[in-house]
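# Notes for the structure review
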Amino acid sequence: MIYLDNAATTKPADEVIEAMLPYFREQYGNPSAIYSLGSAAKKAVNQAKRTFAEVLGAKPEEIYFTAGGTESDNWALKATAESYSAKGKHIITTKIEHHAILHTCEYLEKRGFEITYLNVDQYGLVDLEELEAAIRPDTILISVMFANNEIGTIEPIAEIGAIAKKHGVLFHTDAVQAFGQLPIRVDELHIDMLSASGHKLNGPKGIGLLYIRSGLKLRSLIHGGAQERNRRAGTENVPGIVGFQAAIQRAVARMEEKTKKELELRDYLIGRIEKEIPYCRLNGHRTRRLPGNVNFSFSFIEGESVLIMLDMKGICASSGSACTSGALDPSHVLLATGLKHEEAHGSLRLTLCEENTKEEADTVVEELKAIVTKLRSMSPLYEDFLKKQHKA
Ligand code: PLP
């Protein structure tokens, strides 16, 4: 098997699993209990908060563990909306956010909030002037993702943070795809809230965090016990938290080497595909993109068919985000970058990890060439195109 769907999820690292096991077997205490089994678990949770705080340049009490990126995004948006509605009911986001943000925005719209969805350019980049012009006296929040999960485009987060700060508007970023891949310091970037998720960086699934700058008056997410400073009740997922900590420590330690390896392989794959497969288009920005992201549109064919045929060869890839693949709608991200419906339908995302090799990349290109040729030979769109070319 060749696994090229690391933006959907990653393989848990051995160190992560090793770190978690004692918290299933021996250290199973409830962190709220006062006996030593409980306090050992509490210590582990507090240590993890210190680790994440250090990575982000934040304070441990600003880290709140959640059940993943979706939950963190929901919390940031809904709680800001509710807690700051006296100031205003306007929120700014982008057209290319993950559905965890977009569907939460739709929910808020039904409850009287007004949302501005910023356009992006052909590379998926937000226009800073458009952003600043969208700010109004009743704007309470700007939420822009750090890096896009489909096309890998890295947004100008520092500039967006500076604009938000200048206008006294809160700034949330969905950093699920960037956390552990790129260095992130919340103060330098003027980030007030940040969502991250464990399973995108070789950590466990079902664990994430929301960084909330101290001083923000966000309402609680889940009501119940006093866990997470009364803001997110429920017994902590101690093994998940410990595993997530091991994952970020590993990611930070290897970031430079991993980035270099993935960048090289990414650009090698992009280069070969562009050279050897006609009528294709690289989606996203050529350089301002996540080191492991490759996304192409192939004219005249369906991305879903490419995926099925790649799967038959043991290659795991995606034609959009994991949450939308299987749906018939073309990717909202690709449409926002200006692609036509049929072009967006013919897209393929390959997302790398440091374990992928040049040999694997070569195999994928060879298989892809054969698949695209085969699908085009059966495509009426391609036949029409060839006829028109022949006439001209
Ligand atoms: N935000 C982005 C940008 C993502 O890529 C994802 C997952 O694909 C999520 C949010 C949701 O994260 P989780 O799977 O941890 O709920």
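Notes on the structure follow. (Residues numbered from 1 in each chain as written. Predicted model: local features only at pLDDT ≥ 70, side-chain atom pairs only at ≥ 80, totals over all residues. Heavy atoms only, no water.)

### Concerning the sheet that holds strand β8 (residues 208-212)
- With mixed pairing, the seven strands of this open sheet are ordered in space as β2-β8-β7-β6-β5-β3-β4. Here the strands that pair on one side only, and so sit at the sheet edges, are β2 (63-66) and β4 (114-118). For this sheet, the mean angle separating the axes of adjacent strands, direction not counted, is 20°.
- Seen against the sheet, helix α2 (residues 36-56) touches β2, β7 (193-197) and β8 and runs at an angle of roughly 115° to β2. (Pairing = 2+ DSSP bridges. Helix = DSSP H or I, 4+ residues; strand = E, 2+ residues; numbered from the N terminus. Axes fitted to C-alpha atoms, helices over the stretch in contact; angles between N-to-C directions. Contact = heavy atoms within 4.5 Å.)

### What to know about empty space enclosed by the protein
- Counted by the stated rule, this structure contains one cavity of 30 Å³ or more.
- The space that makes up the largest cavity amounts to roughly 40 Å³.
- Forming the boundary of the largest cavity are Ile2, Leu4, Leu265, Leu269, Leu352, Asn356, Thr357, Glu360, Ala361 and Val364.
- Elements with a minimum of two residues in the lining of the largest cavity: α7 (238-276) and α11 (358-377).
- By residue number, the principal contributor to the lining of the largest cavity is α11, which donates three residues.
- Among the residues making up the lining of the largest cavity, the classes are represented as seven nonpolar, two polar and one charged. (1 Å grid on protein atoms, 1.4 Å probe; cavity = no way out; pocket = protein on both sides within 12 Å on 5 of 7 lines; lining within 4 Å. Points joined across faces, edges and corners; volume = space filled by probe spheres on them. Nonpolar A, V, L, I, M, F, W, Y, C, P; charged D, E, K, R; others polar.)

### With respect to the environment of Leu218
- Following the sequence through the fold, Leu218 ends up in the loop between β8 and α7.
- On the accessibility criterion, Leu218 (5% relative accessible area) is buried.
- Spatially, the C-alpha atom of Leu218 lies 8.8 Å from that of Trp75, the residues being 143 residues apart in sequence. (Buried < 20%, exposed > 50% of the residue type's maximum accessible area, 1.4 Å probe, protein only.)

### Considering the packing of aromatic side chains
- In total, this model carries 11 aromatic pairs according to the counting rule given.
- The interplanar angle of 70° and the centroid separation of 6.2 Å between the aromatic rings of Phe179 and Phe244 together place this pair among those described as edge-to-face. Taken together, the residues span a long stretch of sequence, with Phe179 in the loop between β6 (170-174) and β7 and Phe244 in helix α7 at a distance of 65 residues.
- Given the relative accessible area of 0%, Phe244 is considered buried.
- With 5.1 Å between their ring centres and 45° between their planes, Phe300 and Tyr382 make a pair best called tilted. Highlighted residues: Phe300 in the loop between β10 (293-298) and α8 (303-312) and Tyr382 in helix α12 (residues 380-391), separated in sequence by 82 residues. Exposure class is identical for Phe300 and Tyr382. Each is buried.
- Taken together, the ring pairs connect Phe52, Phe65, Phe179 and Phe244 into an aromatic cluster.
- Of note, Lys49 hangs over the ring of Tyr64, and the distance from its end group to the ring centre comes to 5.8 Å.
- Above the ring of Tyr382, the side-chain terminus of Arg376 is found at 5.8 Å from the ring centroid. (Phe/Tyr/Trp six-rings, centres within 6.5 Å; stacked < 30°, edge-to-face > 60°. Lys NZ or Arg CZ within 6 Å of the ring centre and 35° of its normal.)

### Quick word on the pattern of salt bridges
- The tally for this structure, following the rule as stated, stands at 24 salt bridges.
- The closest approach of N and O atoms between Arg213 and Asp192, which form a salt bridge, is 3.2 Å. Note that Arg213 is positioned in the loop between β8 and α7 and Asp192 in the loop between β6 and β7, a separation of 21 residues in sequence.
- Here Asp192 falls in the buried class, since its relative accessible area comes to 12%.
- Linking Arg272 and Glu366 is a salt bridge whose minimum nitrogen-to-oxygen distance equals 2.6 Å. Within this pair, whereas Arg272 is found in helix α7, its partner Glu366 is found in helix α11, the two being separated by 94 residues in sequence.
- By relative accessible area, Arg272 is classed as buried at 13%.
- On the basis of relative accessible area, Glu366 is assigned to the partly exposed category, the value being 40%. (Salt bridge = Lys/Arg side-chain N within 4 Å of Asp/Glu carboxyl O.)

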